[in-house]
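Structural features, examined
Letter by letter, the chains look like this.
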Amino acid sequence: MTPEALKQLLEYVAQGYLSPREALNKMRYFDFETVGNYAKIDNHRQLRTGFPEVIWGPGKTPEQIREIMQTMQGRNPVVMATRIEPEVYEELRREMPDLEYYREAKICALDRRYRSAEPQSVGVIGILTAGTADISVAEEAAVTASLSGFQVKRLWDVGVAGIHRLLGNWHLISDADVLIVVAGMEGALPSVVAGLADCPVIAVPTSIGYGASFNGLAPLLTMLNSCAAGVGVVNIDNGFGAAILAGQILRVGERLNRKMDQD
């Protein structure tokens, strides 16, 4: 149930077109909806948090993913599934020909929105990577943010080993309202960016690196110990979580601006 549908339902009750009991029956799946004996879809999540539930792909069979996506499609303009391998996508699209696949991000999506050139939400999310090997995690963030209605600008392979590459693209840092910085190895790039930027920086450590990087633990600790102010850190390889956090920051800013206009 979208916010608009809920508002209309409450107006029908207020105007006497629906009884409270009838409205209650219409809202019986308001909290969750059961799919088979293996999933309970949280249909209320977008009303609570601004973002609908997203399907985590690993550990689910293609049949389970398909049934969950098809159930969610009737209640959400966009349905996403993350960490979908190419062979799983090939199985899914046999029965869902409209399914889109973002190969680098490993995201599947059913998107029935009107395709407008304009983003649906205010603000620019800039996404940077230290190296080319970090792009898959960065693309997970970029696709998640785009499907959530935000404008995204990408800048790849600008790590500290050649810092002039970053400084030569200063315009992206200055234009962004939130920055997501993705890095493996020692994970130094977010600290450098945060020392240059006047907006929040979300650091994403990746599992890219030699043995002493401990599959992302070393960059995670570097980012947590950043001496630059204004850096928030998400878990290793968590591009999805970084995008949602960036979206929440922008939406709070938009909400505060509306309050100021009303005052």
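Residues numbered from 1 in each chain as written. Predicted model: local features only at pLDDT ≥ 70, side-chain atom pairs only at ≥ 80, totals over all residues. Heavy atoms only, no water.

By the naming in an unreviewed UniProt entry, the chain goes by PurE domain-containing protein and is assigned to Limnospira indica PCC 8005.

Let's talk about the overall build of the chain
Regarding its fold elements, the chain presents 11 helices and 11 strands. In terms of overall dimensions, the chain has a C-alpha envelope of 65 × 55 × 35 Å along the principal axes. Of the contacts made within the chain by residues no fewer than 6 positions apart, 64% connect residues no fewer than 24 positions apart. Summed over its atoms, the accessible surface of the chain is roughly 14000 Å², and 52% of this surface lies on carbon and sulfur atoms. Positive and negative side-chain charges in the chain, numbering 25 and 31 respectively, have mean positions lying 5 Å apart. (Helix = DSSP H or I, 4+ residues; strand = E, 2+ residues; numbered from the N terminus. Contact = heavy atoms within 4.5 Å. Areas by Shrake-Rupley, 256 points an atom, 1.4 Å probe, with all protein chains shown as cover. Lys, Arg positive; Asp, Glu negative; His and termini not counted. Charge placed at Lys NZ, Arg CZ, Asp CG, Glu CD.)

Remarks on the packing of aromatic side chains
A ring pair, where both rings are aromatic, is described by two values, the distance of the centres and the angle of the planes. As enumerated under the stated definition, the model contains 2 aromatic pairs in all. Judged by centre distance (6.4 Å) and plane angle (35°), the rings of Phe-51 and Phe-150 are tilted. Note that Phe-51 is positioned in the loop between helix H3 (45-49) and strand S3 (55-56) and Phe-150 in the loop between helix H6 (135-147) and strand S8 (151-155), a separation of 99 residues in sequence. With a relative accessible area of 5%, Phe-51 lands in the buried category. Overall, Phe-150 belongs to the buried group, its relative accessible area being 4%. Here the aromatic rings of Tyr-89 and Tyr-101 are separated by 4.5 Å at their centres, their planes lie at 10°, and the arrangement is stacked. In this pair, Tyr-89 is assigned in helix H5 (residues 86-93) and Tyr-101 in strand S5 (residues 100-102), connecting sequence segments 12 residues apart. Residue Tyr-89 is classed as buried on the basis of its relative accessible area, which comes to 10%. (Phe/Tyr/Trp six-rings, centres within 6.5 Å; stacked < 30°, edge-to-face > 60°. Buried < 20%, exposed > 50% of the residue type's maximum accessible area, 1.4 Å probe, protein only.)

With respect to empty space enclosed by the protein
Empty space left among the atoms is revealed by rolling a probe the size of a water molecule over them. The final tally for this structure, using the stated rule, is 1 cavity of 30 Å³ or more. Considered as a void within the structure, the largest cavity measures approximately 40 Å³ in volume. Around the largest cavity, the lining residues are Ile-41, Asp-42, Asn-43, Arg-45, Gln-46, Pro-52, Glu-53, Met-72 and Asn-76. Counted by class, the lining of the largest cavity contains 3 nonpolar, 3 polar and 3 charged residues. (1 Å grid on protein atoms, 1.4 Å probe; cavity = no way out; pocket = protein on both sides within 12 Å on 5 of 7 lines; lining within 4 Å. Points joined across faces, edges and corners; volume = space filled by probe spheres on them. Nonpolar A, V, L, I, M, F, W, Y, C, P; charged D, E, K, R; others polar.)

Regarding the nonpolar core
Residues Ile-125, Ile-127, Ile-180, Ile-202 and Val-204 are the most contacted members of the largest nonpolar core, which totals 21 residues. Those elements that provide at least two residues to this core are strand S7 (124-129), H6, strand S9 (178-183), strand S10 (201-205) and helix H11 (239-262). When near neighbours in sequence (up to four residues on either side) are disregarded, Ile-180 contacts Ile-125, Gly-126, Ile-127, Leu-128, Ala-141, Ile-202, Val-204, Ala-242, Ala-243 and Ala-246. Residues Leu-128, Leu-155, Leu-166 and Leu-172 belong to the second largest nonpolar core, which totals 20 residues. (Core = buried A, V, L, I, M, F, W, Y, C linked by side-chain atoms within 4.5 Å.)

As for the sheet that holds S8
Strands belonging to one sheet form pairs held by backbone hydrogen bonds; the direction of such a pair is parallel or antiparallel. Taken together, the 5 strands give an open sheet; going across it, the order is S8-S7-S9-S10-S11, and neighbouring strands pair in parallel fashion. Edge positions in the sheet fall to S8 and strand S11 (231-233), since each of these pairs with one other strand and no more. Here the strands of the sheet are splayed against their neighbours by 25° on average, with no regard to which way each runs. (Pairing = 2+ DSSP bridges. Axes fitted to C-alpha atoms, helices over the stretch in contact; angles between N-to-C directions.)

Comments concerning the environment of Ala-142
You can see Ala-142 is positioned in helix H6. On the basis of relative accessible area, Ala-142 is assigned to the buried category, the value being 0%. Residues Ala-142 and Val-252, spaced 110 residues apart in sequence, show a C-alpha to C-alpha distance of 20 Å. Those residues in contact with Ala-142 that sit more than four places away from it in its chain are Ile-127, Val-152 and Arg-154.

Topic: the domain arrangement of the chain
Structurally, the chain comprises domain 1 (30-116) and domain 2 (122-251). Each of domain 1 and domain 2 was reduced to a C-alpha centroid, and the two centroids are 26 Å apart. Facing 15 residues of domain 1, the contacting portion of domain 2 comprises 17 residues. Considering only the surface of domain 1 that becomes buried against domain 2, Phe-51, Arg-83 and Glu-104 emerge as the three largest contributors, covering 43% of it. As a salt-bridge pair, Glu-140 and Arg-83 come within 2.7 Å of each other at their nearest N and O atoms. There are 2 residue pairs in polar contact (both at pLDDT 80 or more) connecting domain 1 and domain 2. Every element with two or more residues in the side of domain 1 that touches domain 2 is listed here: strand S4 (78-82) and strand S6 (107-111). Classifying every residue of the side of domain 1 that touches domain 2 by side-chain character gives 8 nonpolar, 3 polar and 4 charged. (Domains from an automatic or database assignment. Buried area = accessible area lost by both parts, 1.4 Å probe. Salt bridge = Lys/Arg side-chain N within 4 Å of Asp/Glu carboxyl O. Polar contact = N/O pair within 3.5 Å; in protein donor to acceptor, adjacent residues only side chain to side chain.)

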